[in-house]
Amino acid sequence: GGLSAPLTASARALIGAMTTRPRSPSMENIASLTEYQGRVIRMQGMLHKEGKKLMQKKRWQPRWVVLTDGCLHYWASEHDFLSAKPHKKEIELPECSICTAEEHTKKPFSFGIFHPQRRDYFFDAVNDRQLLEWIHAIEKVLGVVSG
């Protein structure tokens, strides 16, 4: 099926950077992207990321997080991701470890991603179920668990 209206430049860029299934690049498919930068998206959603300290208090900022094979990317919002803005950060996961981080963050649904030579990243989920889903998905990408 053809498109009823010409694609905007941003839509063409989005389709060029990301692959949709099925192959027709319609607007319905853009909302359910299956790949980013040629890698399968394993999980995506809104988490809060621990930011820089402001007046001795840590700031937690909402971030749209996308997990692919080998990387965790994040954007300021889902809209930024869907409109093909470049990601704010890419965390390469090989050699990383992950664990819950309530002791560090004082937030019950938080987890940390740790690497021996790079900075640590802390994210906060909305509930226990979302926390476990993210940890399990990242562990699968890391090869810690199967299935």
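Refer to the structure above for everything that follows.
Residues numbered from 1 in each chain as written. Predicted model: local features only at pLDDT ≥ 70, side-chain atom pairs only at ≥ 80, totals over all residues. Heavy atoms only, no water.

Enquirer: Let's hear about the overall build of the protein: which residues, and what values?
Expert: The helix and strand inventory of the protein stands at five helices and eight strands. Helices and strands appear in the protein in the N-to-C order α-α-β-β-β-β-α-β-β-α-β-β-α. A total of 147 residues make up the protein; the buried ones form 37% of that total. When contacts within the protein are restricted to residue pairs at least 6 apart in sequence, long-range pairs at least 24 apart make up 39% of them. As displayed, the protein has an accessible area near 8,800 Å², and 53% of this comes from carbon and sulfur atoms. (Helix = DSSP H or I, 4+ residues; strand = E, 2+ residues; numbered from the N terminus. Buried < 20%, exposed > 50% of the residue type's maximum accessible area, 1.4 Å probe, protein only. Contact = heavy atoms within 4.5 Å. Areas by Shrake-Rupley, 256 points an atom, 1.4 Å probe, with all protein chains shown as cover.)

Enquirer: Kindly report on the pairing of strand β8 (residues 121-124), identifying the contributing residues and their values.
Expert: The two faces of β8 match: Y121 and F123 on one face and F122 and D124 on the other face are all buried. Across two bridges, strand β2 (residues 39-54) lies against β8 in antiparallel orientation. Looking at β8, one finds that H48 is bridged to D124. Sheet topology note: the strand β7 (residues 110-114)/β8 ladder contains four bridges and is antiparallel. Across the sheet, G112 pairs through a bridge with F122, a residue of β8. Turn length for the β7-β8 hairpin, with the two strands adjacent in sequence and antiparallel, is six residues. (Pairing = 2+ DSSP bridges.)

Enquirer: Provide a residue-level description of helix α5 (residues 128-142), including the pertinent values.
Expert: Over its 15 residues, α5 extends 21 Å from the first C-alpha to the last, a length consistent with the 21 Å expected when each residue adds 1.5 Å. Those residues of α5 that are buried lie in contact with β2, β3 (57-68), β4 (71-75), β6 (97-100) and β7. In this structure N127 caps α5, since a side-chain oxygen of it lies 3.2 Å from the backbone nitrogen of R129. Where α5 ends, the next residue or the one after it, G143, has phi of about 80 degrees, a positive value. (Expected span 1.5 Å × (residues − 1). Polar contact = N/O pair within 3.5 Å; in protein donor to acceptor, adjacent residues only side chain to side chain.)

Enquirer: So what's going on with the nonpolar core? Which residues, and what values?
Expert: Formed by 20 residues in total, the largest nonpolar core has its most connected members in L72, F111, I113, F123, W134 and I138. Listing elements by their share of this core, those giving two or more residues are β2, β3, β4, β7, β8 and α5. No other element matches the five residues that α5 contributes to this core. Dropping the residues within four chain positions of it, I138 is found in contact with L67, L72, L93, I98, F111 and I113. (Core = buried A, V, L, I, M, F, W, Y, C linked by side-chain atoms within 4.5 Å.)

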